[in-house]
Amino acid sequence: MIFALPLAGRELHRLALRPRIHLLKMIFVGGVFSLVYLYYQSLYQVTTEQSGFLQVMGRGRDLFHFIFRVQHYSICLVLPLLMSGAVTQEKENGTLDVLLVTPIGPGGLMKQLFLSRAVPMLIFLFILLPLQAIAYSLGGVTVQDILQAIAALVISGLAVGAFSLAISSVAQTTLSAMLSVYLLGGFLWGIFCLPLTLFSARLKGREENALGAYVILSLFIISNLVLARVLLVKEHFYWKENIQSSVKKKILWLFEKLKLYSPDLRVLPNQDPLYWKEVERCWWGRRGLFITALLTMSMITCLCCLGLRSGSVTFLYQIHTIPQFTLVLWGAVFLVMTLCSIPVLALERDRKTLDVILTTPLSGREILSGKISGLRRLVWLLGLPLSVSFLFHLGLEEFGWQYYVTQVLLFFSLLPAVVWISIWVSIKTRSRTRASVVVVIGLLSWCCVLGVLTFLIPSMKAVFIPLNPLHVLYAQEMGWNQQNYLVWVCIAIFSLLSFTLRAWMLNNADRILGRF
Amino acid sequence: MSMIVVENLKVTFGSIDAVRTISFEVPEGDVFGFIGPNGAGKTTTLKVLATLQKPTSGDVIIDGKHLLADPQEIRRVVGYVPDVFGTYDDFTVREFLFFFQAAYGIEASKREQLLTDVLNLTDLQDRVEQKVDTLSRGMKQRLSIARVLLHDPKVLLLDEPASGLDPRARIELRELLKELQKMGKTIIISSHILHELSQLCTCLGILESGRLIAEGSVKEIYQEVGLMRLIHVGLENPTEELRAEVAQIDGVMDVQLQSDRLSIEVQEGKISPAELLHRIQDMGARVYMYQPEALDMETAFIKLTQSP
């Protein structure tokens, strides 16, 4: 085994054998090369229009900066997909107990799991070196810039990886780990972007002392690795229950004290058992608790928007901050909906309870519609805070009531489409982790490919833009009102898609669920 | 009358034949045991009967209804327990059983009484408010059986019900299944724990690589494989002459003379232990101990499944 690291060796071997990892690399490289090509094209057009072809020489620094930013954001977005399953997959396979009693020990386990995921991350980084070489050949980039860029990217990657590993050590499932990494990671975005900020400042000629920042990041990495080990040991050997379950219980206890929830008031199923299981039995099935959660989330969004508004020095800055915040919210909503839709049937299948339900006289349609009833509540739970952030746009010049209406309609057309696609993929895919990677990467690739096509074939804009929700949402948030009719086309397309998918899946539910 | 009729059932997954044209019948009230190694096709066959797997070809009739023509009706007469429990661990026992009562459309007014009845039958009445994940494996298995009894099915399909259970839980499960048999349920039970099936089943089917290589009552299967029964006879006067005389009896295959006894190997079906005892006593032997060993289903299974 590689360097007497059996676990790291096994993981690397396994990752190397997985076709989806290679597919991910191809998509990643294809996407980044396309983006850089588009950027280069725009750079070339601007400079040659101004003062001839040779003027592109010496502009390598701009291209280099762009490549660096793309690499950095890619690491921050893709690495959690690889890293968050490191420990949870061992838990799900039931192999964690076996590994913990081997001489590898918890510390070694963490080290090897971290290493096994860090190597693919480095491959993702070095795969783009030819692009940096192109930037270097255009001039304006020094060797020191390249070395510093690599150092900054490696340290960002290690920080994201260590954080993902810490979350993975306490999460129960890979899906919950992924969700937690993305959502909690959002709060630590500033830390992960520290190398980017410092390096961008350097490229713009504002040399800042990076040493302090790198020390902070190194401490962050070490503390996360130590935390991951400590949490794993504590949870496995000392604590009675999983930290997630314990937090959930504490929250419910708090609500119980506030007289918003009572565990004794549990109703038993009456007519629709799956609706009872997915809604009535859960906390969001209690009206008081659901309304409280809705109001709390809306209040938090409201406070964030108010903070952004009052914190923005100029009106021009407001135009950027609130839409950017809304875009982040959109991203979070899509992620949560995708990752919550995937286990709806896949979890029943994995626990064999789906087989048991399928032998009852309930029709496939009843089973499927009962199972998604919980997701409907979730749509409301996520939709109201998002609509609060839409309301904050109304005070800005570019946005009117039409913006609000189209955004709400986009929400109700795009979200169901994502839900149905996720459910379908989860049924067709053997593991939940694979299903989530397929859906997330698939949707992002779809948007990126359409984005590239829009740029390459401008005459077909009217076809590509409505098919690309990312483009439409971005345009909406940036207040590009000139192609407003395309938003309506987008709403119509995705409403039709949602409706068709829903009708097809409900009508063929028995076959899709695997019975006849 | 046959409750279950399986005719030329075949199930293929791509290029793999999971079940290769098997046929059998199970009369009403019988307990039919499916024996076979892992991957023999037991679970696939049970899944077909439970309407969870569409057969590639062949026909299945349960309670007079054709599987492909009327799967919804078949679901009402069949209760299926998968090889893993198929329980919701965060439910209480009451919630779990109420959930399935609602799924089977049982009237709300009857549910509480039905719950009490099935819990009494499965001896889980004290666990009604307990969370499912706090139950032992044996209790979870009994809860699964309680679940399938809710809609009073005529046929029970149990896939490896004793797997992973301790001896006490196995005995409890066996007693429960005997009780269900007395209630007139037709039961198909799959297992690779052979001893247990031979004690419980009225009829057995031995599956290997998707083929039904033997079918019949336990006795018929022992006869089919020509299984030997070993009988220990304690004698006050063991002699070489007596040993030679016993060896001449029709059906006796081998006789070993030991210090105080004869060890006799008898071909099953040719001569009964009672008749052999009578014949030995007629020869003037003074018998102080007579101990026929129980027949071993594992040996029968190995014999049936070994390569020619």
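Reading the values: the criteria
- Residues numbered from 1 in each chain as written.
- Chains lettered and ligands numbered in written order.
- Predicted model: local features only at pLDDT ≥ 70, side-chain atom pairs only at ≥ 80, totals over all residues.
- Heavy atoms only, no water.
- Helix = DSSP H or I, 4+ residues; strand = E, 2+ residues; numbered from the N terminus.
- Buried < 20%, exposed > 50% of the residue type's maximum accessible area, 1.4 Å probe, protein only.
- Contact = heavy atoms within 4.5 Å.
- Areas by Shrake-Rupley, 256 points an atom, 1.4 Å probe, with all protein chains shown as cover.
- Buried area = accessible area lost by both parts, 1.4 Å probe.
- Salt bridge = Lys/Arg side-chain N within 4 Å of Asp/Glu carboxyl O.
- Polar contact = N/O pair within 3.5 Å; in protein donor to acceptor, adjacent residues only side chain to side chain.
- Nonpolar A, V, L, I, M, F, W, Y, C, P; charged D, E, K, R; others polar.
- Phe/Tyr/Trp six-rings, centres within 6.5 Å; stacked < 30°, edge-to-face > 60°.
- Axes fitted to C-alpha atoms, helices over the stretch in contact; angles between N-to-C directions.
- Left-handed = near helix turned anticlockwise from the far one by under 90°.
- Disulfide = S-S within 2.5 Å.
- 1 Å grid on protein atoms, 1.4 Å probe; cavity = no way out; pocket = protein on both sides within 12 Å on 5 of 7 lines; lining within 4 Å.
- Points joined across faces, edges and corners; volume = space filled by probe spheres on them.
- Expected span 1.5 Å × (residues − 1).
- pLDDT = per-residue confidence, 0-100.

K.L.:
Can you lay out the overall build of chain B for me, pointing to particular residues and giving the numbers?
P.N.:
Each helix and strand counted, chain B has 11 helices and 14 strands in total. Each of the three principal axes of chain B carries a C-alpha extent, and together these read 75 × 50 × 30 Å. Burial analysis of chain B (308 residues in total) assigns 50% to the buried set. By sequence separation, contacts in chain B at least 24 residues apart represent 68% of the contacts at least 6 residues apart. If you sum the accessible surface of chain B, you get close to 13,600 Å²; carbon and sulfur atoms cover 46% of it.

K.L.:
Can you explain the interface of chain B and chain A? Please cite residues and give values.
P.N.:
Each partner contributes residues to the interface: chain B has 35 residues there, and chain A has 25 residues. Here chain B meets chain A over a buried area of about 2,700 Å², counting both sides, of which 64% is carbon and sulfur. In terms of surface lost to chain A, no three residues of chain B exceed B:L52, B:R75 and B:Y88, which account for 22% of the buried area on that side. Applying the counting criterion to the chain B and chain A interface returns 4 salt bridges. For the pair chain B and chain A, the number of links is 9 residue pairs in polar contact (both at pLDDT 80 or more). Breaking the side of chain B that touches chain A down by element, the ones donating at least two residues are α1 (42-49), α2 (71-77), α3 (93-103) and α4 (108-121) of chain B. Broken down by element, the side of chain B that touches chain A gets its largest block of residues, 7 residues, from α3(B). Tallied by class, residues from the side of chain B that touches chain A come to 19 nonpolar, 5 polar and 11 charged.

K.L.:
Tell me about the packing of aromatic side chains, and please be specific about residues and values.
P.N.:
Residue and element names in this part refer to chain B. Counted under the stated rule, the structure contains 21 aromatic pairs over all chains. Between Y88 and F99 the ring centres are 5.4 Å apart and the planes differ by 80°, which places this aromatic pair in the edge-to-face class. Separated by 11 residues along the polypeptide, Y88 in the loop between β6 (78-81) and α3 and F99 in helix α3 bring together distant segments of the chain. Comparing Y88 with F99, the two get one shared label, buried. Measuring from ring centre to ring centre gives 5.1 Å for F96 and F100, while their planes differ by 65°; the resulting arrangement is edge-to-face. Of this pair, F96 and F100 both sit in helix α3, separated by 4 residues, roughly a single helical turn.

K.L.:
An account of the packing of helix α21 (residues 401-428) of chain A against helix α25 (residues 484-507) of chain A is needed here, citing residue identities and associated values.
P.N.:
All names here are of chain A. Closest axis-to-axis distance for the α21/α25 pair is 8 Å, and the angle between their directions is 35°. Taken as a pair, α21 and α25 cross one another with a handedness that is left-handed. Of the residues in the contact of α21 with α25, the class split is 21 nonpolar, 6 polar and 1 charged.

K.L.:
Give a description of the state of the cysteines that names residues and reports values.
P.N.:
In this structure the tally under the stated criterion is 0 disulfides over all chains. A:C76 supplies the cysteine sulfur nearest to A:C193, a cysteine that is in no disulfide, at a spacing of 5.5 Å. Cysteine B:C201 is unpaired, with the sulfur of B:C203 as its nearest cysteine sulfur at 8.6 Å. By relative accessible area, B:C201 is classed as buried at 8%.

K.L.:
Could you give me a rundown of the side chain of A:T429, with the residues and numbers involved?
P.N.:
Residue and element names in this part refer to chain A. Its location among the elements puts T429 in the loop between α21 and α22 (432-456). Classification of T429 by relative accessible area gives buried; the value is 12%. A polar contact of 2.5 Å, which involves the side chain of T429, links it to the backbone oxygen of V425. Ignoring sequence-local partners within four residues, the contact set of T429 consists of R349, R434 and A435.

K.L.:
If you had to explain empty space enclosed by the protein to someone new, which residues and values would you point to?
P.N.:
Residues and elements named next belong to chain A. Applying the stated rule across the entire model yields 4 cavities of 30 Å³ or more. Taken together, F28, S74, I75, V78, L79, L82, M121 and F124 make up the full set of residues lining the largest cavity. Contributing elements (two or more residues each) for the lining of the largest cavity: α3 (60-83) and α6 (105-126). In terms of residue count, the dominant contributor to the lining of the largest cavity is α3 (5 residues). Of the residues in the lining of the largest cavity, the class split is 7 nonpolar, 1 polar and no charged.

K.L.:
Give a description of α25(A) that names residues and reports values.
P.N.:
All names here are of chain A. With 24 residues, α25 extends 35 Å between its outermost C-alpha atoms, agreeing within 8% with the 34 Å of an ideal straight helix rising 1.5 Å per residue. Among all positions in α25, only N484, L486, V487, C490, I491, F494, S498, L501, M505 and L506 are buried. Contact partners of the buried residues in α25: α19 (364-371), α21, α23 (461-467), α24 (469-477) and α26 (509-513).

K.L.:
Could you give an account of the pattern of salt bridges, with specific residues and numbers?
P.N.:
Residues and elements named next belong to chain A. Inspection of every chain in the model, using the stated rule, returns 29 salt bridges over all chains. A salt bridge links R349 to D350; its shortest N-O distance comes to 3.5 Å. For D350, a relative accessible area of 37% translates into the label partly exposed. Through salt bridges with shared partners, a single ionic network connects R10, E11, R14, E90 and R117.

K.L.:
Explain the confidence of the model for chain A residue by residue, including any values.
P.N.:
Averaged over all residues, the pLDDT of chain A equals 82, while 90% of them reach at least 70. The least confident element of chain A is helix α2 (residues 19-51) of chain A, whose mean pLDDT is 74; the most confident is α25(A), at 92.

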